[in-house]
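If you want the building blocks of each chain, they are given just below.
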Amino acid sequence: MIAVDVRQLRKTYRVFRKREGLWASIKGLFRREYQAVHAVAGVSFQIEQGEMVAFLGPNGAGKTTTLKLLSGLIYPTSGEATVLGYVPWKRDIAYRRRFALVMGQKNQLWWDLPAQESFRLHKEIYRIEPADFDRRLDELTGLLEVRKLVGQPVRELSLGERMRMELIAALLHRPDVLLLDEPTIGLDVVSQRKVQDFLKFYQAEQRLTVLLTSHYMKDVQALCQRAIIINEGEIKHDGSLAQVVDRFSKFKVIELQFSGETRPAGLERFGEVFDDNFPRAKLRVPRNQVPEILSALLTAYSLEDVGVHDRPIEEAIAEMFTSTRTISSETVTVAT
Ligand SMILES: Nc1ncnc2c1ncn2[C@@H]1O[C@H](COP(=O)(O)OP(=O)(O)OP(=O)(O)O)[C@@H](O)[C@H]1O
Ligand SMILES: [Mg+2]
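About the cut-offs
Residues numbered from 1 in each chain as written. Chains lettered and ligands numbered in written order. Predicted model: local features only at pLDDT ≥ 70, side-chain atom pairs only at ≥ 80, totals over all residues. Heavy atoms only, no water. Pairing = 2+ DSSP bridges. Helix = DSSP H or I, 4+ residues; strand = E, 2+ residues; numbered from the N terminus. Axes fitted to C-alpha atoms, helices over the stretch in contact; angles between N-to-C directions. Contact = heavy atoms within 4.5 Å. Buried < 20%, exposed > 50% of the residue type's maximum accessible area, 1.4 Å probe, protein only. Polar contact = N/O pair within 3.5 Å; in protein donor to acceptor, adjacent residues only side chain to side chain. Nonpolar A, V, L, I, M, F, W, Y, C, P; charged D, E, K, R; others polar. Salt bridge = Lys/Arg side-chain N within 4 Å of Asp/Glu carboxyl O. Near = heavy atom within 4 Å. Areas by Shrake-Rupley, 256 points an atom, 1.4 Å probe, with all protein chains shown as cover. Domains from an automatic or database assignment. Arc of directions from axis to C-beta.

### Notes on the sheet that holds strand β6 (residues 177–181)
Strand order in the open sheet formed by six strands is β5-β6-β7-β3-β8-β9, and the pairing between neighbours is mixed. Looking at which strands have only one partner, the edges of the open sheet turn out to be β5 (99–103) and β9 (234–240). Adjacent strand axes in the sheet meet at a mean angle of 15 degrees, parallel and antiparallel pairs treated alike. Here β5 runs beside β6; their pairing, made up of five bridges, is parallel. Bridged to Ala100 within β6 is Leu178. Those strands touched by helix α2 (residues 63–71) are β3 (52–56), β5, β6, β7 (209–213) and β8 (226–231), and its axis lies near 150 degrees from that of β6.

### Side note on the side chain of Ser118
Within the fold, Ser118 resides in helix α4 (residues 115–125). Among the residues examined, Ser118 registers a relative accessible area of 2% and is labelled buried. Only 3.1 Å separates the side chain of Ser118 from the backbone nitrogen of Trp110, close enough to count as a polar contact.

### Quick look at the packing of helix α5 (residues 130–143) against helix α7 (residues 189–206)
Two numbers describe how α5 lies on α7: the axes approach to 10 Å, and their chain directions differ by 145 degrees. Residues Glu139, Leu140 and Leu143 of α5 touch α7, and the partners they reach there are Phe198, Phe201, Tyr202 and Glu205. Residues that form the contact of α5 with α7 fall into these classes: five nonpolar, no polar and two charged.

### So, the sheet that holds strand β10 (residues 251–258)
Taken in spatial order, the four strands line up as β11-β12-β10-β13 in an open sheet, and their pairing is antiparallel. Bordering the open sheet on either side are β11 (272–277) and β13 (303–310), each of which pairs with just one other strand. If you compare each strand with its neighbour and ignore which way they point, the axes differ by 20 degrees on average. The strands touched by helix α10 (residues 290–300) within the sheet are β10, β12 (280–286) and β13, with β13 carrying the most contacts at an inclination of about 165 degrees.

### Describing the pattern of salt bridges
Taken as a whole and judged by the stated rule, the model has 20 salt bridges. Put simply, Asp132 and Arg136 hold a salt bridge, and the shortest N to O gap is 3.8 Å. Placement of both Asp132 and Arg136 in helix α5 is noted, with a separation of four residues, approximately one turn of the helix. The salt bridge partner of Lys236 is Glu234, with a shortest N-O separation of 3.7 Å. Accessibility expressed as a relative area gives 37% for Lys236, which makes it partly exposed. Judged by its relative accessible area of 38%, Glu234 falls in the partly exposed class. Through salt bridges with shared partners, one network takes in Glu51, Arg226 and Asp238.

### Things to note about the site of ligand 1
Around ligand 1, a shell composed of 15 residues is seen, among which Asn59, Gly60, Lys63, Thr64 and Thr65 lie nearest. Between Asn59 and ligand 1, the recorded distance is 2.7 Å, taken from a side-chain N or O atom to an oxygen atom. Within the backbone of Gly60, a nitrogen or oxygen atom sits 2.7 Å from an oxygen atom of ligand 1. Protein chains shield 67% of the accessible area of ligand 1, which is 630 Å² for the free molecule. Of the residues that constitute the shell around ligand 1, the class distribution is six nonpolar, six polar and three charged.

### What to know about the domain arrangement of the chain
When the domains of the chain are assigned, the result is domain 1 (2–247) and domain 2 (250–312). Of note, the centres of domain 1 and domain 2, computed from C-alpha atoms alone, are 37 Å apart.

### What about the pairing of β3?
Most of β3 is tucked away: five of the five residues are buried. Across the two faces of β3 the burial is the same, with Met52, Ala54 and Leu56 and Val53 and Phe55 all buried. By the bridge criterion, three bridges tie β3 to β7 in an arrangement that is parallel. Counterpart to Met52 in the pairing with β7 is Val210. Where β3 and β8 come together, four bridges link them in parallel fashion.

### Observations regarding the pairing of β11
Looking at chain direction, β11 and β12 are connected through five bridges and run antiparallel. Its bridge partner lying in β12, Asn277 is registered against Arg280. Hairpin connection between β11 and β12: a loop of two residues separates the two successive antiparallel strands.

### Some thoughts on α10
Listed as buried for α10 are Val290, Ile293 and Leu297. Buried residues of α10 fall within an arc of 70 degrees about the axis and therefore sit on the same side. The exposed residues of α10 that point more than 90 degrees off its buried face are Pro291 and Thr299. Residues of α10 that are buried in the fold lie against β10, β12 and β13.

Right, here's the structure in full:
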């Protein structure tokens, strides 16, 4: 069964364009110029019930806008979408009970109150049966290892702990569809891992339908088989994540910190130097040559520190689609 059905969805923002110079500003008093930003430029995709799909793309690609449309927070300019048969922007109460949106960048809990107070509020809003509420809260706080922290004011929690509380708040009413916008942003590796493990387990157990955006390849690889890639508001890939990963992981990044006084020469022999900031430097090298290159580097230079990393997913995706967003300009006259 199809849970999320999106057809030719489009969201165009009109943004006021400031003109430079006094004369232009005066003219601007009478005639305001707007630019059209095609945040989502006609996307279509379907997600099966129980599927967990990664929604990837560089900054400004249209990911958050799409999730906001699917949550009914904003209206589309045109196009259609249904989630579990509901049109999100009709804001049906019944729909509100069936989905949840978690934004890593936004705080939905009361800052000065303990998380449990926010949870109680959710219980009222969503009319969760007391017995269900207690059981779910117990299960979720257990799985996410925050049982002892629910009584502490949210502002005193670490980012990772707070994020886990946000997830609990989102899941207490047992939504069928979960929209996750960068749920692990800014978290340390351990917290990231905890959130991943939880999502993996919980999604499978509850057969949740999940659309997940993340800039961390690790999240995505741990959780999703399918990836939809969006750029400039348009879908560029919809299919196996493995294919994307293959392209993505052809290269790794070796990060060096030199211990000498001056930048040693000849670094270019070992790979593509893309961040040259003595005493640090970063090299892009083919994945299968990492061991040889690493040992050659250790022989050639005296190093304070070395690290090998995956490239940020953004970089790899941006490379797949190197064109820049084209902003069409339109002049709209507004009486002032
Ligand atoms: N309220 C708004 N008014 C005007 N333009 C907007 C608004 N919201 C988003 N945009 C623009 O729409 C485009 C898509 O933004 P969106 O937030 O969906 O990107 P994103 O893929 O979530 O990026 P990121 O990875 O940085 O979170 C961007 O160019 C952004 O500047
Ligand atoms: Mg975003």
